[in-house]
Amino acid sequence: MAMLWRDVMNPRLTDTVSVSALPADGNTLDLDLDAIPREDTLVRVVDGTGKCVGSVKRELLEYLRGTQLPERFMAILDKIDEAVIAIDREGRIYYVNPSYTKVLGVPVGRVLGRYLQRLEPSSALLTVLKPPHRPVSEKKQLIRSINKYVSIRVYPTFLHGRFQGAMSIFTDITRLNELNQEVERISQVAEEYSRQLEAETVLKQSQVIGESKVYTNSILKAVTVAKTDAAVLLRGENGVGKEVFTRILRDNSARKDKPFITVNCSAIPETLIESELFGYEEGAFTGAKRGGSMGKFQLAQGGTLLLDEIGDMPMPMQAKLLRVLQEGEIEKLGRQKNIPVAVRIIAATNQPLEEMIRSGRFREDLYYRLNVVSIHIPPLRERGNDILLLTDHYLSVYNRKYHKDLHISGEVYQRFLAYAWPGNVRQLQNVIESVVVLSHGPVIRLEDLPEQIVAFEPLPQSSPAAPAQTAAAPPPETGTLAEEMARHERQVIAAALARFPGDRKRAMEALGLSRRTFYRKLSQHRL
């Protein structure tokens, strides 16, 4: 708040100059006008060596000294829009301007005279109290006591060369920070939406049937990791469709035009699995064919190798596989020199590898080598409406194959939705083919299904909207296939909405539908 002499001095010495002298780096707050004779109109200004470098008019000194009183500066600070706070050497607050109250929403009476250490211990203003008393600037600081963000500039204050305390000028940037966070959130939403669109595109290109969120999330994960060379472990029950994910991983990778080799670890005898994977040289053992044989690793060179049913690999072979993955070389039977290989590994299993590790049936180090990225493929019973989509798909396939035009009754759709499907998609496919082959009428009814599905009794679900039917009531007449599907679909969605009143997100997740599909169907059924 002080004016330096060097900022106002006049280098011309044309008038009477006082014998008194002021240092060039002095300021008006340090000025003692009584020590300067009144008859002198000019006062000399000297540098650090005592050399005269200019002069200052006495009249100007009197003016500056009279206008630079603390109360005048306080009046100016009271008018600015930025918040100002000042503390003494002990951290006690002795001044805040009106904007401080506006910005922080804190009444003046709550802070004046209080120690800042108690109000805001992490304040940057307190750091300036410590030597060497240097200014501090922070673009974003959180004031925890009121949960607001501010942009601050902190300066030490001096009087007559002595340290007096510190002051801070700051601006509320809470709203700006919130807007930045919202922009970041929207960017993340846009990125997630883009990834979902990519997953949907892959689903269409790969002719994959399914739109439930739990399934498309797994597809999205596969699409993301496909672009890398990271090892992937596919987890899921038998029949869930691991081959679909394997195809997605291959077709969306940089190795899509390179070899793709599959090894079923459970189908190869333990005595042959080493030669099957690594190959052998001519004469390596009795019965070895002339010229030897290339193993699966060599055949997959530069491409992808799928180790299906990896949980069934014998323990001795697991150790050799681990060494290949670590060193990138295979040891061919009957050959002394190792052969370098570069393949992308995909492993698949339906077994609980973690339990197998604890029981000593699977190597933990191999598990971590294979499980760089784990993809869980959900069972069919968790995929909700996908069951109906798959049913219609396979019905169309086998109608064409066996030259039929069969339809499915509403009761069969309901039973399919309620059934547990222990064999997953493979079981559903086989059931559809079976009933298409054996059915004689135009409509597939409940009695046409295999015995285990007909005898299956789902857990009772109470629905207040559905009136109970008496035993004597005649069975309802069925409409067309499209009408029956639409009617049942509306009932299922309505039941989910009733189960989670006011919470459509949970209803959507329970149905296994994507957000877009869920709201499209709500509009379609006027729910």
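Everything numeric in this text was worked out from a predicted model, so none of it was measured.

A word on the packing of aromatic side chains. In the structure shown here, the tally under the stated rule is eight aromatic pairs. Their ring planes at 90 degrees and their centres at 5.7 Å tell us that Tyr215 and Phe245 sit as a pair that is edge-to-face. Pair noted here: Tyr215 is in helix 7 (residues 213-226) and Phe245 is in helix 8 (residues 242-251), with a separation of 30 residues, a long-range link. There is no split in this pair, since Tyr215 and Phe245 are both buried.

Following both chains from N to C, one finds helix 7 and helix 8 inclined at 35 degrees, their axes separated by 8 Å at the closest point. The chirality of how helix 7 crosses helix 8 is right-handed. Together, Tyr215, Ser218, Ile219, Ala222, Val223, Val225 and Ala226 of helix 7 and Val244, Phe245, Ile248 and Leu249 of helix 8 make up the contact between the two elements. Residues belonging to the contact of helix 7 with helix 8 are distributed by class as follows: ten nonpolar, one polar and no charged.

Here the focus is the nonpolar core. Nonpolar side chains in soluble globular proteins tend to be buried together. Of all hydrophobic cores here, the largest spans 30 residues; its most connected members are Leu277, Phe297, Leu305, Leu307, Ile310, Met313 and Phe362. Those elements that place two or more of their residues in this core are strand 10 (260-264), helix 9 (273-278), strand 13 (304-308), helix 11 (315-327), strand 16 (344-349), helix 12 (353-358) and helix 13 (364-370). The element contributing the most residues to this core is helix 11, with four residues. Ile310 has contacts with Leu233, Cys265, Leu321, Ala347, Ala348, Thr349, Phe362 and Leu370, leaving out every residue within four places of it along the chain. Core analysis: the next-biggest nonpolar cluster, separate from the first, contains 24 residues, Ile387, Phe416, Tyr419 and Leu446 among them.

Attention now moves to helix 7. Taking 1.5 Å per residue as the helical rise, helix 7 with its 14 residues ought to reach 20 Å, and the 20 Å between its terminal C-alpha atoms agrees with that figure. For helix 7, the complete set of buried residues consists of Tyr215, Thr216, Ser218, Ile219, Leu220, Ala222, Val223, Val225 and Ala226.

What follows concerns the side chain of Asn385. By secondary structure assignment, the location of Asn385 is in the loop between strand 17 (373-376) and helix 14 (386-401). With residues up to four places along the chain from it excluded, the contact list for Asn385 reads Glu211, Glu489, Leu511, Leu513 and Lys521.

Let's shift gears to unusual backbone geometry. Cis geometry is adopted by the peptide bond preceding Pro132, which originates at Pro131 and carries an omega value of 10 degrees. Mapped onto the elements of the fold, Pro132 is located in the loop between helix 5 (124-127) and strand 6 (136-143). Its identity is not glycine, yet His133 carries a phi of approximately 55 degrees, on the positive side. Taking relative accessible area as the criterion, His133 reaches 18% and is therefore assigned buried. One non-glycine residue, Glu309, lies in the positive phi region at around 55 degrees. According to the relative accessible area criterion, Glu309 is buried, its value standing at 14%.

Right, let's talk about the environment of Thr157 for a bit. The topology assignment puts Thr157 in strand 7 (residues 148-159). Judged by its relative accessible area of 18%, Thr157 is buried. Sequence separation between Thr157 and Met167 is ten residues, and the spatial gap between their C-alpha atoms is 7.0 Å. The contacts of Thr157, once residues within four sequence positions are left out, are Arg162, Phe163, Gln164, Gly165, Ala166 and Met167.

Another point: the sheet that holds strand 16. Spatial ordering of the open sheet is given by 10-13-16-9-17, a layout of five strands whose pairing is parallel. Sheet topology places strand 10 and strand 17 at the edges, where each strand pairs with a single neighbour. The average angle at which neighbouring strand axes cross in this sheet is 20 degrees, direction not considered. Where strand 9 (residues 232-235) and strand 16 come together, four bridges link them in parallel fashion. Looking at strand 16, one finds that Arg235 is bridged to Thr349.

Extensive coverage of strand 2 (residues 42-46) is indicated by the burial of four of its five residues. In this structure, strand 2 lies alongside strand 3 (residues 52-57), joined through five bridges in antiparallel fashion. Within strand 3, the residue paired with Leu42 across the bridge is Lys57. Between the antiparallel neighbours strand 2 and strand 3 lie five residues, among them Gly50 with a positive phi of about 90 degrees.

Where burial is concerned, the two faces of strand 17 differ: the one with Val373 and Ile375 is buried and the one with Ser374 and His376 is not. Summarising the sheet, strand 9 and strand 17 pair through four bridges and their orientation is parallel. Within strand 17, the residue paired with Val232 across the bridge is Val373.

Definitions and cut-offs
Residues numbered from 1 in each chain as written. Predicted model: local features only at pLDDT ≥ 70, side-chain atom pairs only at ≥ 80, totals over all residues. Heavy atoms only, no water. Phe/Tyr/Trp six-rings, centres within 6.5 Å; stacked < 30°, edge-to-face > 60°. Helix = DSSP H or I, 4+ residues; strand = E, 2+ residues; numbered from the N terminus. Buried < 20%, exposed > 50% of the residue type's maximum accessible area, 1.4 Å probe, protein only. Axes fitted to C-alpha atoms, helices over the stretch in contact; angles between N-to-C directions. Left-handed = near helix turned anticlockwise from the far one by under 90°. Contact = heavy atoms within 4.5 Å. Nonpolar A, V, L, I, M, F, W, Y, C, P; charged D, E, K, R; others polar. Core = buried A, V, L, I, M, F, W, Y, C linked by side-chain atoms within 4.5 Å. Expected span 1.5 Å × (residues − 1). Pairing = 2+ DSSP bridges.

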